[in-house]
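# Structural overview for review
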Amino acid sequence: MPLRVSDYSWQQTKTAVFISVPLRGVCVRDADVFCTENYLKVNFPPFLFEVFLYAPIEDESSKAKIGNNTIIFTLHKKEAAMWDTLTVSGADKEMMQRIREKSILQAQERAKEVAEAKAAARREDQKYTLSVMMKIEEEERKKIEDMKENERIKATKELEVWKERQRKAEEQKRFQREEKSHQEEKQIEEERKKLKHKSLARNSASRNLATKGRNSENIFFEKLKEDSIPAPRSVGSIQINFTPRAFPTALRESQVAEEEEWLHKQAEAQRAMNTDIPELCDLKEEEKNPEWLKAKGNTLFATENYLAAINAYNLAIRLNNKIPLLYLNRAACHLKLKNLHKAIEDSSKALELLTPPVAVNANARMKAHIRRGTAFCQLELYVEGLQDYEAALKIDPSNKVVQNDAEKIRNIIQGTELKC
């Protein structure tokens, strides 16, 4: 049973009430204050101070100050008037219980309103955070699209420059051919004039020798004719050797210039070796070969040891950064480890090195497009992913797996657009 405090003091003005309650040596931290518009309670065991106020107060603006072993309450009245007493008069136990229950309900409703307000504020914060994240993602996507557009414009300009250079080279060759043809025609005309001049000289000489008789002339011409007939050829066989081709396509279907450029680039890539690497000191001679490291990485990839495979490909790339299959295989490892941005970078680098596009590197280019498209789709950039899958289908239109995957991506894009 708590001990009720009765030795308190109070004062008032027309707008406020001041109550001073002694703590009686109780620790300040043990004091529990509960206040509503009609009820005030301070519980500091074993003591209890309870007041049923004479008139309603503004509990939200009222204050309590604890110090010097005393609690001083400043209660602001709802209506400016002088009270006859501090507590309501004629309050029995039932009335006091009703006031307590009403005060508790009011406090609970106020706490519920505060909780709802906090929840609403939290939802607003979440909405704002989500909108900011969506804006950042949109800016990132726009940045990627701008980069792709800039790359496309750059490639188009380079292609136009190359076409203009080819056109000028063709014009120069045509001009040289025409000049050479004109010189040959001129030489033929001069030879014709010389032959005509010789023919006239022979005719005049033959007329001078006509007196020798027709028979002797016939005998001379018969002998000349017999001497001019060659002997029959001897029987034999001729062996023809064809130059071996590095590409399976027929010559009429090949892009010879592009194929030769590809072979030249591959030869240069095999010769480009960077041996000034500290890690090479502990390796054997065979382990310093990028092809050996690539085969090692492939073996590790087959055993699902993707991190070790990446290390092998990294060292091979440091030895020789011109081999496209190293970047292509490392992109597959990053794709398995969900390093999607790195997979996109390596696939793009492989496509950059797989130029010019010829039949020999068609399979590698298709894999690079598929791996970059898969990474884009896992980043939910389905439009960019579909572009890579369509590029892969241009290389191999009959590939059913790629066709099915491209159709699934189209369905996802259409579904997204319907939701929007």
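Everything numeric here is computed off the predicted structure, so don't read it as measured data.

Scoring rules and cut-offs
- Residues numbered from 1 in each chain as written.
- Predicted model: local features only at pLDDT ≥ 70, side-chain atom pairs only at ≥ 80, totals over all residues.
- Heavy atoms only, no water.
- Pairing = 2+ DSSP bridges.
- Helix = DSSP H or I, 4+ residues; strand = E, 2+ residues; numbered from the N terminus.
- Axes fitted to C-alpha atoms, helices over the stretch in contact; angles between N-to-C directions.
- Expected span 1.5 Å × (residues − 1).
- Buried < 20%, exposed > 50% of the residue type's maximum accessible area, 1.4 Å probe, protein only.
- Contact = heavy atoms within 4.5 Å.
- pLDDT = per-residue confidence, 0-100.

The antiparallel open sheet is built from four strands, whose spatial order is 2-3-8-7. Where the open sheet ends on each side, the last strands, each with one partner, are strand 2 (9-12) and strand 7 (57-67). The sheet shows a mean angle of 15° between the axes of neighbouring strands, taken without regard to direction. Of the strand pairs in this sheet, strand 3 (residues 16-22) and strand 8 (residues 70-77) are connected by seven bridges, and their pairing is antiparallel. If you follow Pro22 over to strand 8, its bridge partner there is Thr70.

Before going further, it helps to examine helix 6 (residues 324-336). Spanning 13 residues, helix 6 covers 19 Å between terminal C-alpha atoms, matching the ideal 18 Å at 1.5 Å per step. Counting buried residues in helix 6 gives eleven out of 13 residues, a clear majority hidden from the surface. Looking only at helix 6, the buried set comprises Pro324, Leu326, Tyr327, Leu328, Asn329, Arg330, Ala331, Ala332, Cys333, His334 and Leu335.

As judged from the four bridges shared by strand 4 (residues 32-35) and strand 5 (residues 39-44), these two strands associate in the antiparallel manner. Across the sheet, residue Cys35 finds its bridge partner in strand 5, namely Leu40. The hairpin turn running from strand 4 into strand 5, its antiparallel successor, is three residues long.

Turning our eyes to something else, we now look at the side chain of Ser347. Tracing the sequence through the fold places Ser347 in helix 7 (residues 340-353). Ignoring anything within four residues of it in the chain, the contact list for Ser347 reads Ala331, Ala368, Arg371 and Arg372.

On average, residues of the chain carry a pLDDT of 82, and 81% of them reach 70 or more. A low-confidence stretch, residues 211-217 (pLDDT under 50), is modelled with zero contacts involving residues beyond four sequence positions or located in other chains.

Spatial ordering of the open sheet is given by 1-6-5-4, a layout of four strands whose pairing is mixed. The open sheet has two edge strands with one neighbour each: strand 1 (3-4) and strand 4. With two bridges joining them, strand 1 and strand 6 (residues 47-52) adopt parallel strand pairing. Following the sheet pairing, Arg4 is matched in strand 6 by Leu48.

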